[in-house]
Amino acid sequence: MDLNTDVIAGVEAELKANLGTSVRIRDARSMSGGSINDAWSLETSAGRFFLKTNAADRHPSRFVAEAADLALLASTNELRTPKVIATGEAAGTAWLLLEFHIAKTWTSDADAELGRGLAKQHRHSQPHFGLDRDNWIGLLPQDNTPASDWATFLVQHRLAPLIRMARDHQRIGDGDVLRFERLYAVIPDLIPHERPALLHGDLWHGNALYTADGVVVVDPAAYYGHREMDVAMAGLFGGIGPGLLDAYNNEWPMEPGWEGRIDLCRLYPLLVHLNLFGGGYAAQVSAALRKYV
Ligand code: ADP
């Protein structure tokens, strides 16, 4: 077990406060799968728990925001999320402690359950796009300053900041930067007007687990946005099948012409990946962009 002893002590103290009984961590196993943070399966005297850790100075407040995002999604009682036990910081390590969910193989039943639950979650609305606080998507800060229309929010708080970042790090060519400028002018005509929908915000296959109790979603970057963002992203990196869209449409049909807007909605997650992981994603951003301008 490589987990820092101060972190272990902090986690044990929080488990005791939460469960009302003294808890010992017997083993901490490093798990693969996390792209950003270290993930641990904790065997304790009170059962198994899931712990995420990262350097506290690397992205301060990240786990506090994630815990709030999970609580926000949980408050709708639609898609299941892991219960948040606690967040903490010790010896320069920030951590987030969650209920553990054992994943089994993803199936078409899972696609359908996720599609149904997602549509129901998207019915939860508020007057503005954005959120009352900022959060993170992976290691990137996500600016949730409210806006009353989606086109403004998408351009000012999602696309433009990531184009600037990619340009500053020479990850995007001048031609595509100009294409984005042209895209901004046409976005209001491309996207149907809809009420702000509560989004998971980072819904790819790695953030959806199929368990004995059904689908559980993890690692959100929640905000109120256009519901097409979640649906478009769910199909972007594989693993989630077309059954999601069928189930979603049964619950709340997408507006006509949706197929033509998928790539537009995927620009944001592609820009996130371009800025986080570099190189290869530039071509995907460029190809998606050229469908519109
Ligand atoms: P990161 O922020 O580094 O991307 P994630 O929150 O996505 O980390 O978690 C990494 C992996 O750990 C996920 O892909 C999933 O397989 C698994 N995981 C996440 N949350 C839980 C949980 N509560 N219980 C069990 N496994 C989990």
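Definitions and cut-offs
- What you see as residue numbers is a count from 1 along each chain, following the sequence as written.
- The predicted origin of the model limits local features to residues at a pLDDT of at least 70 and limits the giving and counting of side-chain atom pairs to 80 or more, whereas totals for whole chains, interfaces and linings rest on all residues.
- Heavy atoms throughout the structure, all of them, feed into the side-chain values; hydrogens and water do not.
- Numbered from the N terminus, helices here are DSSP runs of H or I no shorter than four residues, and strands are runs of E no shorter than two.
- C-alpha atoms define the radius of gyration, and 2.2 Å times the number of residues to the power 0.38 defines the globule rule.
- When a residue's accessible area, from a 1.4 Å probe over protein chains only, is under 20% of the maximum for its type it is buried; when over 50% it is exposed; and in between it is partly exposed.
- Only heavy atoms matter for contacts: two residues are in contact if any of them lie within 4.5 Å across the pair.
- Computed with a 1.4 Å probe, the accessible areas rest on the Shrake-Rupley method; for each residue, only the protein chains presented here act as cover.
- The sign given to each residue is positive for Lys and Arg and negative for Asp and Glu; His and the chain ends receive no count.
- Charge positions come from single atoms, namely NZ of Lys, CZ of Arg, CG of Asp or CD of Glu.
- Think of a salt bridge as a Lys or Arg side-chain nitrogen and an Asp or Glu carboxyl oxygen that are within 4 Å of each other.
- Two strands are counted as paired when DSSP detects at least two bridges linking them.
- Between N-to-C directions, angles cover 0 to 180 degrees, with each direction set by a line fitted to C-alpha atoms, over the stretch in contact for helices.
- The rule for a residue being near a molecule or strand is that one of its heavy atoms must lie within 4 Å of it.
- N or O atoms within 3.5 Å of each other form a polar contact, as long as, within protein, one can give a hydrogen and the other can take it, and as long as residues adjacent in sequence are counted only when both atoms are side-chain atoms.

**Overview of the overall build of the protein chain**
Okay, so step 1: Looking only at helices and strands, the protein chain has 9 helices and 11 strands in total.
Okay, so step 2: Relative to a compact globule of 293 residues, whose C-alpha radius of gyration would be 19 Å, the protein chain shows 20 Å and is just as compact.
Okay, so step 3: Looking at the protein chain as a whole, 53% of its 293 residues qualify as buried.
Okay, so step 4: A sequence separation of at least 24 residues applies to 67% of the contacts in the protein chain between residues at least 6 apart.
Okay, so step 5: With an accessible surface of roughly 13000 Å², the protein chain has 49% of that area assigned to carbon and sulfur atoms.
Okay, so step 6: The protein chain carries 27 positive and 36 negative side-chain charges, and their two centres are separated by 2 Å.

**Describing the pattern of salt bridges**
Any two side chains of opposite charge can pair if their charged atoms end up close together.
Okay, so step 1: Inspection of every chain in the model, using the stated rule, returns 13 salt bridges.
Okay, so step 2: A salt bridge links Arg62 to Asp219; the nearest nitrogen and oxygen atoms lie 3.3 Å apart. One end of the pair, Arg62, is in helix 2 (residues 62–75); the other, Asp219, is in the loop between strand 10 (214–217) and strand 11 (223–225), and 157 residues separate them in sequence.
Okay, so step 3: Here Arg179 ties to Asp176 by a salt bridge, and the two come within 2.7 Å at their closest N and O atoms. Residue Arg179 and its partner Asp176 are located together in helix 5 (residues 174–190), separated by 3 residues, close to a single helical turn.
Okay, so step 4: The class for Asp176 is buried, based on a relative accessible area of 9%.
Okay, so step 5: Connected through salt bridges with shared partners, the residues Lys52, Arg62, Glu66 and Asp219 form a single ionic network.

**Describing the sheet that holds strand 2 (residues 38–44)**
The pairing of strands in a sheet happens through backbone hydrogen bonds and is either parallel or antiparallel.
Okay, so step 1: With respect to topology, 5 strands assemble into an open sheet ordered 1-2-3-5-4, the strand pairing being antiparallel. Each edge of the open sheet carries a strand with a single partner, namely strand 1 (25–31) and strand 4 (84–90). In this sheet, adjacent strand axes meet at a mean angle of 25° when their direction is disregarded.
Okay, so step 2: Across 6 bridges, strand 1 lies against strand 2 in antiparallel orientation. Residue Ser30 lies in a different strand from strand 2, and its bridge partner there is Trp40.
Okay, so step 3: Relative to strand 5 (residues 93–99), helix 1 (residues 5–19) is tilted by about 35°, and along the sheet it contacts strand 1, strand 2, strand 3 (47–55), strand 4 and strand 5.
Okay, so step 4: Against the sheet, helix 2 touches strand 3, strand 4 and strand 5, its axis set at about 20° to strand 5.

**Description of the site of the ligand**
Okay, so step 1: Taken together, 17 residues surround the ligand, and among them Asn37, Lys52, Glu99, His101 and Gly206 come closest.
Okay, so step 2: Between a nitrogen atom of the ligand and a main-chain N or O atom of Glu99, the distance comes to 2.9 Å.
Okay, so step 3: Take Asn207: an N or O atom from its side chain is 3.1 Å from an oxygen atom of the ligand.

**Some remarks on the environment of Val217**
Okay, so step 1: By the secondary structure assignment, Val217 is in strand 10.
Okay, so step 2: Taking the C-alpha atoms as reference points, Val217 and His205, separated by 12 residues in sequence, lie 9.4 Å from one another.
Okay, so step 3: The residues contacting Val217, other than those within four sequence positions of it, are Leu70, Leu73, Leu79, Arg80, Thr81, Pro82, Leu114, His200, Leu203, Asn207 and Ala208.

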